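What follows is each chain in one-letter form.
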Amino acid sequence: MHKPIFFYTIFLVLTLLCQGCKNETTGTLYGVVTDSRTGEPVKEANVELSSAGLQTLTGADGWYQFSEVKSGEYKMVVTKRGYNSSEKSGILIEEGPVRCDLQLESIPSFEYGGHSYMVAPNADDVMTLADANSYCQGLTQCGFSDWRLPTKAELEQMYINKDQIGDFLNKVYWSSSYSSTQNAVDLYYVIHFLNGNVMEANPGSKLRVRPIRLDH
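Residues numbered from 1 in each chain as written. Predicted model: local features only at pLDDT ≥ 70, side-chain atom pairs only at ≥ 80, totals over all residues. Heavy atoms only, no water.

The helix and strand tally for the protein stands at 4 helices and 15 strands. Across the 216 residues in the protein, those meeting the buried criterion constitute 37%. Within the protein, counting contacts between residues at least 6 apart in sequence, those at least 24 apart form 59% of the total. Counting only carbon and sulfur atoms, one obtains 51% of the accessible surface of the protein, whose full area is about 12,600 Å². (Helix = DSSP H or I, 4+ residues; strand = E, 2+ residues; numbered from the N terminus. Buried < 20%, exposed > 50% of the residue type's maximum accessible area, 1.4 Å probe, protein only. Contact = heavy atoms within 4.5 Å. Areas by Shrake-Rupley, 256 points an atom, 1.4 Å probe, with all protein chains shown as cover.)

Written out as structure tokens, the structure reads:
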């Protein structure tokens, strides 16, 4: 007697489930990734919708696209070697296209001796020379892990190009170059970025750190 009711109930549940599947909306997310300094498109940047497990690379024109993205709110992260990563949260995907453009900030650099050097951001705190070296060795920035303290000559070039590089403090910065020995203590060259004065410092002094790496 109850079998028709049971089968009707099962049929109704399956029908509702199928209708729910058919009614699930999707959208398209697209946009362009550009260099914040030049405005030029950034090719082969990795674009990831972290909460959806989707990722793609930008084309030569900086454009990317995700098709048939389930409706919802997403966070997008863009990365590329040589650039600081960029991210944007709260991207709402509904039925239809959604455009989201992002900019990447390239790492500052300078030219010296026929080579190009990349410059990492200032360390958060002052350090002894030993701590400064350890900090540089452990630094992973923009996909690179070969950061180091600049030599005296490199640090002098950094001061000459400080406006181009940007974000220097008017403080004293470590170099890795040995200067002299006084009272059985090895001293190292440092430069004050307020005026460019070259000085000597005890390795135990706590000074600023701006790591560099040889780009090519």
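Along helix α3 (residues 152-160), the residues classified as buried are E154, L155, Q157 and M158. Each buried residue of α3 lies within a common arc of 155° when the element is viewed along its axis, so the set occupies one face. Summarising the contacts, the buried residues of α3 are in contact with β10 (109-112), β11 (115-119), α4 (162-165), β12 (172-182), β13 (185-192) and β15 (212-214). (Arc of directions from axis to C-beta.)

One open sheet holds the 4 strands; their spatial order is β3-β2-β5-β7, and the pairing between them is antiparallel. In this open sheet, the two strands that pair with only one neighbour each are β3 (54-57) and β7 (86-93). Averaged over all pairs of adjacent strands, the angle between their axes in this sheet comes to 20°, without regard to strand direction. Here 6 bridges tie strand β5 (residues 72-79) to β7, and the two strands are oriented antiparallel to one another. Across the sheet, E73 pairs through a bridge with L92, a residue of β7. (Pairing = 2+ DSSP bridges. Axes fitted to C-alpha atoms, helices over the stretch in contact; angles between N-to-C directions.)

Let's shift gears to the pattern of salt bridges. Where charged atoms from two side chains of opposite charge approach closely, those side chains can pair. On inspection of all chains with the given rule, the structure shows 7 salt bridges. Here R148 ties to E154 by a salt bridge, and the two come within 2.9 Å at their closest N and O atoms. Judged by relative accessible area, which is 30%, R148 ranks as partly exposed. Where K152 meets E156, a salt bridge forms, and the shortest distance between an N and an O atom there is 3.2 Å. In this pair, K152 and E156 are both assigned in helix α3, 4 residues apart and thus about one turn of the helix distant. We classify K152 as partly exposed; its relative accessible area is 23%. A single salt-bridge network, built from bridges that share partners, covers D146, R213 and D215. (Salt bridge = Lys/Arg side-chain N within 4 Å of Asp/Glu carboxyl O.)

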